[in-house]
Structures are given as C-alpha cells and as structure tokens.
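Take a look at the letters that make up each chain.
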Amino acid sequence: MKRISINQHVTFSKLIQGFWRANQWNMTHQQLNTFINQLVERGITTMDHADIYGDYECEAIFGKALDLSPKLKENIQLVTKCGIVLPSNKYQFTDGHRYDLSSKHIIASVEQSLKNMNVDYVDNLLIHRPSPLMDPMEITEAVATLVDDGKIKSFGISNFNEQQYQLLSHQLTKEKLHISVNQLELSPYHVDNINNDIITTMYQQQVKVMAWSPFAGGQLFDPLDDKGQRIMAVIKQIANRYGVSPNAVIISWFDKLPHDIMPILGTSKLNRIDQAIEGLSITITNQEWFDIYTATLGHDIP
Ligand SMILES: NC(=O)c1ccc[n+]([C@@H]2O[C@H](COP(=O)([O-])OP(=O)(O)OC[C@H]3O[C@@H](n4cnc5c(N)ncnc54)[C@H](OP(=O)(O)O)[C@@H]3O)[C@@H](O)[C@H]2O)c1
C-alpha cells in the first residue's frame, strides 16, 4: 500500500484504520489483536485514536490488544488526539463538556494516552477541535515539550479552518515546529471541506489531509434522505460498471482529488476493508467524479 510522508521521521499508510467505535465491536483483546495484525498484513499500518473515544476507553482496549504481540508496535503508527473534555466518571477533570487546549491539559492528555496504549510515543498528535479560547502560545509550548521529550513524532490539527490553521501555524513556526496533518470530515456526502477550500490550502502548504467518516459514518449505505439516496444511486451505477463494491468507488472518489487524502476507515469488518483497498486499484473518470459530486450538490455545476 502507498505510504504518505508526514515528516522526516513518520510515514502513514494511504488507508488508515479508526478506532472511535472500537468499544462497540465486542471483540476480545485476542480478536482485536488478530484484527490489527490482519490490517498490518494488508498494509494498513496507521491507527487513529483519541483520548475520548469510547468514554475514554478505546485507547486502553487497543493497548491491551497490542500487548499480546509487542513486536506489532514496531510496525504501526499511532495517531491520537486531545483537547475535548467530555462528562464522564473516568477522570477527575471530566466534569463537563468543553475544549481544553491549555498546555497543562495537552501534556497530561498525551501522557495518559501513552499509558493507555502502553507505548513510549505516538507518531502524531492532533488537536481534536479548535477552541474559541485557544491560545496558540500555550499549544506551541505543549508541542515543544512533547517533541523534546520524544513523546510525539509529529503534530497536527483536526477540524481547523484556514484562519485557525494560520493562527497556530504562525506561532509554531517561530519555534521551528510544524503542522503536518489536518484531519477533516470528508466524504461524498460531506463536501463542505472541498467547497470551502481548506484542503486546497492544506495542499498548497503541504499539510497532509486525513478524511474522517469517509463513508459518512455508514449512512451512505443506508441513506435516509434524498441526498444520500441520490449519491448512492450514482455510486451503485459506477460500481456496477467496474464490477466493484460501492466502498471501492468511494475510495476511488477520494483518490481523484490531487491531495493524496488518507481516508480513515471506521468499519470492523475485514471484507469491507478489502473492498476499500480494492478502490485504490481502480480509477473512476473525471465525469464519474462529477456525477457523484453533482448528486451531492443536488444541482448541476455552474
Ligand atoms: N477528527 C474527528 O473529529 C473525527 C470524528 C469522527 C471520526 N473520526 C475518525 O474517523 C474514523 C472513521 O469514522 P467512521 O467510523 O464514522 O467511518 P466510516 O467508515 O464513514 O463509517 C464506519 C461505520 O459505517 C458502518 N458501515 C455500514 N455499512 C458499511 C459498509 N458497507 N462499509 C463500511 N462501513 C459500513 C460501519 O459498521 P461495521 O463496523 O458494521 O462495518 C461503521 O459503523 C473514526 O474511527 C475516527 O478514528 C475523527
């Protein structure tokens, strides 16, 4: 599988596996270990996490599965996120719903993530969401400390718009630090981040883009509204033409964009992962890409 360079130390697999829903998969640690090994065998080596996933439990579930074959750690790249606080009885500070991008919280959150996954470092840390209260100097201070301590190998953001990216990037650059990745919601159903040009800016700035919920959280396969039904009708026609699954067509839809976007798969089913991988070996035409895009817009392009 194609590798995407994040910085001089880190590369990601073109397709990434997400673990947001891992606490709902009902897998034993052994089954999850087998699943991770099967991903790695297929070239999917980059694993996306966040401190809060599964009421703050998914990282630890993953860590226990990883412990069953410690060598696996050498063959994967870990991404985690911080900055959202959710009400939970898990930790003392989880007493409300807010964003906390203070230096203290970012550092404490990464240290907890390392403990949860039983690793010494993560390959990439993302600020999960921008906050109206964020102070770029505080974030920069935390990132500098975490890089110096060898706890993160690269840094990025998620759900940031262009101005928020510029604000933080400007401060980080003063300390010779960089934003390597922006993780954004993107799918044939959710195209706001194409239409508002953020991925164009990321492309120009050489910030890599990870796409979250690439299948719109599954709703593309079971469309409840006209928009979803329109999109899926077009995708199914194209899938029939190529003799592949709709999943493959959607992955090919991403691959038509010139930005080398990395879709983060959320499924727990290997056959669906294989269908997605198949999408990397077909190339839909520009017309087919626009047929899907106009189905999303609900009207023709100008
Ligand atoms: N940065 C952020 O703010 C943010 C937000 C949300 C998510 N994320 C990341 O993005 C990852 C992926 O998100 P996601 O889970 O919403 O991704 P997704 O791939 O769009 O959706 C996966 C969901 O769709 C279901 N599904 C139903 N039919 C399917 C089919 N034919 N093929 C594939 N999936 C099908 C899957 O169920 P089965 O397991 O039964 O297949 C699973 O529940 C997360 O794990 C997380 O790492 C990041």
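Residues numbered from 1 in each chain as written. Predicted model: local features only at pLDDT ≥ 70, side-chain atom pairs only at ≥ 80, totals over all residues. Heavy atoms only, no water.

You'll find the chain entered in an unreviewed UniProt entry as Aldo/keto reductase family oxidoreductase, with Staphylococcus simiae CCM 7213 = CCUG 51256 given as the organism.

Asks: Can you explain the pattern of salt bridges? Please cite residues and give values.
Replies: If you walk through the whole model with that rule in mind, you get ten salt bridges. Lys-14 is paired through a salt bridge with Asp-260; the nearest N and O atoms lie 2.9 Å apart. Highlighted residues: Lys-14 in the loop between strand S2 (11–13) and strand S3 (16–18) and Asp-260 in the loop between helix H10 (246–256) and strand S12 (262–265), separated in sequence by 246 residues. Judged by relative accessible area, Asp-260 falls into the partly exposed class, the value being 24%. Between Glu-111 and Lys-151 there is a salt bridge, and its shortest N-O distance comes to 2.8 Å. Highlighted residues: Glu-111 in helix H4 (residues 103–117) and Lys-151 in the loop between helix H5 (136–148) and strand S9 (155–158), separated in sequence by 40 residues. By relative accessible area, which is 35% here, Glu-111 ends up partly exposed. Bridged by salt links that share partners, the residues Lys-2, Lys-14, Asp-255 and Asp-260 form one connected network. (Salt bridge = Lys/Arg side-chain N within 4 Å of Asp/Glu carboxyl O. Helix = DSSP H or I, 4+ residues; strand = E, 2+ residues; numbered from the N terminus. Buried < 20%, exposed > 50% of the residue type's maximum accessible area, 1.4 Å probe, protein only.)

Asks: Summarise the nonpolar core; cite the residues concerned and give the values.
Replies: Formed by 86 residues in total, the largest nonpolar core has its most connected members in Phe-62, Ile-139, Phe-155 and Ile-292. Those residues in contact with Phe-155 that lie beyond four places of it in its chain are Asn-124, Leu-125, Ile-127, Ile-139, Val-143, Leu-168, Leu-172, His-178, Ile-179, Ser-180 and Val-181. One finds Phe-12, Val-79, Leu-126 and Met-210 within the second-largest nonpolar core, a separate group that totals eleven residues. (Core = buried A, V, L, I, M, F, W, Y, C linked by side-chain atoms within 4.5 Å. Contact = heavy atoms within 4.5 Å.)

Asks: With reference to specific residues and values, describe the packing of aromatic side chains.
Replies: Counted according to the given criterion, the structure contains 13 aromatic pairs. Aromatic side chains Phe-19 and Trp-25 sit 5.7 Å apart centroid to centroid with 55° between the ring planes, which places their arrangement in the tilted category. Centroid distance Trp-253 to Phe-254: 5.2 Å. Interplanar angle 90°. Geometry classified as edge-to-face. As far as the burial class goes, Trp-253 and Phe-254 line up, both buried. Positioned above the aromatic ring of Tyr-121 is the side chain of Lys-153, whose terminal nitrogen or guanidinium carbon lies 4.6 Å from the ring centre. A cation over an aromatic ring shows up here: Lys-227 above the ring of Tyr-189, its NZ or CZ 4.0 Å from the ring centre. (Phe/Tyr/Trp six-rings, centres within 6.5 Å; stacked < 30°, edge-to-face > 60°. Lys NZ or Arg CZ within 6 Å of the ring centre and 35° of its normal.)

Asks: Give me the lowdown on the packing of H10 against helix H12 (residues 286–297), citing residues and values where you can.
Replies: If you want to describe how two helices pack, look at the angle between their axes and the distance between the axes. Relative orientation of the contacting elements H10 and H12 amounts to 105°, with a least axis distance of 10 Å. Overall, the two elements H10 and H12 adopt an arrangement that is roughly perpendicular. Contact residues: H10 offers Val-249, Trp-253 and Lys-256, while H12 offers Asn-286, Trp-289 and Ile-292. A per-class count over the contact of H10 with H12 returns four nonpolar, one polar and one charged. (Axes fitted to C-alpha atoms, helices over the stretch in contact; angles between N-to-C directions. Parallel < 35°, antiparallel > 145°, perpendicular 65-115°, else oblique. Nonpolar A, V, L, I, M, F, W, Y, C, P; charged D, E, K, R; others polar.)

Asks: Please set out the side chain of Asn-182 residue by residue, giving values where relevant.
Replies: Here Asn-182 is to be found in strand S10 (residues 181–185). You can call Asn-182 buried: its relative accessible area is 0%. One polar contact links the side chain of Asn-182 to the main-chain carbonyl oxygen of Phe-160, over a distance of 3.3 Å. Beyond its immediate sequence surroundings of up to four residues, Asn-182 is in contact with Ile-157, Ser-158, Asn-159, Phe-160, Ile-198, Met-202, Val-207, Lys-208, Val-209 and Met-210. (Polar contact = N/O pair within 3.5 Å; in protein donor to acceptor, adjacent residues only side chain to side chain.)

Asks: I'd like a rundown of helix H6 (residues 162–174), residues and numbers included.
Replies: Taking 1.5 Å as the rise per residue, H6 with 13 residues should run 18 Å; its terminal C-alpha atoms sit 19 Å apart, in good agreement. Within the span of H6, buried status applies to Tyr-165, Leu-168, Ser-169, Gln-171 and Leu-172. Buried residues of H6 fall within an arc of 165° about the axis and therefore sit on the same side. What points out from H6, more than 90 degrees from its buried face, is the exposed set Gln-163, His-170 and Lys-174. In this structure, the buried side of H6 is in contact with H5, S9 and helix H8 (198–204). Phi for Lys-176, located one or two positions after H6, is positive at around 60°. (Expected span 1.5 Å × (residues − 1). Arc of directions from axis to C-beta.)

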